Amino acid sequence: LGIYGASGLCAAKVLVSIGAAIASTVAPDALHLYVIDGDAGSSWALASLPHTGAWIRSDETDRVDRVIKLLESALTCRGSTQCKDRPALVVLVDNLAAVLAAHDDVHASALTDRLAALARDGSSRGVHIAVTARTPRDISHRLAQQIPNRLVMDLADPSGFLTLGLRLRDMVLLPALRAIDVRT
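These lines cover the structure that appears in this document, whether it is placed above or below. What you see is a predicted model, and the numbers here were worked out from it, not measured in a lab.

**Thoughts on the side chain of Thr112**
Okay, step 1: Looking at the secondary structure, you find Thr112 in helix H4 (residues 105-122).
Okay, step 2: Thr112 has contacts with Leu100, Ser140, Arg142 and Leu143, leaving out every residue within four places of it along the chain.

**A closer look at the nonpolar core**
Okay, step 1: Ranked by internal contacts, the top residues of the largest apolar core, which has 37 residues, are Ile36, Ile68, Leu71, Leu115, Ile139, Leu143 and Val152.
Okay, step 2: Of all the secondary structure elements, the ones that give two or more residues to this core are strand S2 (31-37), strand S3 (52-57), helix H2 (61-78), strand S4 (88-94), helix H3 (96-101), H4, strand S5 (127-133) and helix H5 (141-144).
Okay, step 3: If sequence neighbours within four positions are ignored, Ile36 has contacts with Ile56, Val64, Val67, Ile68, Val91, Leu92, Val93, Asp94 and Val99.
Okay, step 4: Counting residues in each nonpolar core, the second largest holds 16 residues, with Ala23, Val35, Val90 and Met153 among its members.

**So, the packing of aromatic side chains**
Okay, step 1: Applying the stated criterion across every chain yields a total of 1 aromatic pair.
Okay, step 2: Ring plane angle 85° and centroid distance 4.7 Å describe the contact between Trp44 and Trp55, whose orientation is recorded as edge-to-face. Here Trp55 lies in strand S3 and Trp44 lies in the loop between S2 and S3, a separation of 11 residues in the sequence.
Okay, step 3: Note on Trp55: relative accessible area 14%, which makes it buried.

**Examining the sheet that holds S4**
Okay, step 1: The mixed open sheet is built from 7 strands, whose spatial order is S3-S2-S4-S5-S1-S6-S7. At either margin of the open sheet sits one strand with a lone partner, and together these are S3 and strand S7 (180-183). Mean inter-strand twist for the sheet, computed between neighbouring axes without regard to direction, equals 15°.
Okay, step 2: Sheet topology places strand S1 (residues 2-4) next to S5; 3 bridges connect them, and they run parallel. Each residue of the ladder has a partner; that of Ile3, found in S5, is Thr132.

Reading the values: the criteria
- Residues numbered from 1 in each chain as written.
- Predicted model: local features only at pLDDT ≥ 70, side-chain atom pairs only at ≥ 80, totals over all residues.
- Heavy atoms only, no water.
- Helix = DSSP H or I, 4+ residues; strand = E, 2+ residues; numbered from the N terminus.
- Contact = heavy atoms within 4.5 Å.
- Core = buried A, V, L, I, M, F, W, Y, C linked by side-chain atoms within 4.5 Å.
- Buried < 20%, exposed > 50% of the residue type's maximum accessible area, 1.4 Å probe, protein only.
- Phe/Tyr/Trp six-rings, centres within 6.5 Å; stacked < 30°, edge-to-face > 60°.
- Pairing = 2+ DSSP bridges.
- Axes fitted to C-alpha atoms, helices over the stretch in contact; angles between N-to-C directions.

Laid out in structure tokens, this is it:
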């Protein structure tokens, strides 16, 4: 899931609401949340949930790398017959641009590729990803191609709506915490 919104706080609230809603319906042994926060703690409320395996600030690049490795290992294991009946894994990335900016260019590009692979292969194996971004340009084409569901909140630059396949003449002013569901 991609959540786009000019106000990072609104997009973060949606992300936190999604994490909390999922956790409220599933036992902690059936769901593990991993939160990577690029927005100065706006997703901190998820850290206290018993479902949360890790809450990581974007500047903790080693921890970001470790949790992505963990998810990649889980994905590989779940592709075999050895890992049956494992908990669902959900990674929530708040403000992807800030998370990538904390890495040097080479590592940011590699992280983008790794997130794209998780998004592409994960759903069928119980590994899910949701990211927030302030503009569609904050999510590279490689990753955006793997995210079929998008929620679009108010964007600062109207060209962002066009990038997501929405016609400007069909757009209405979106009040806070309202979004358009865009599927690719």
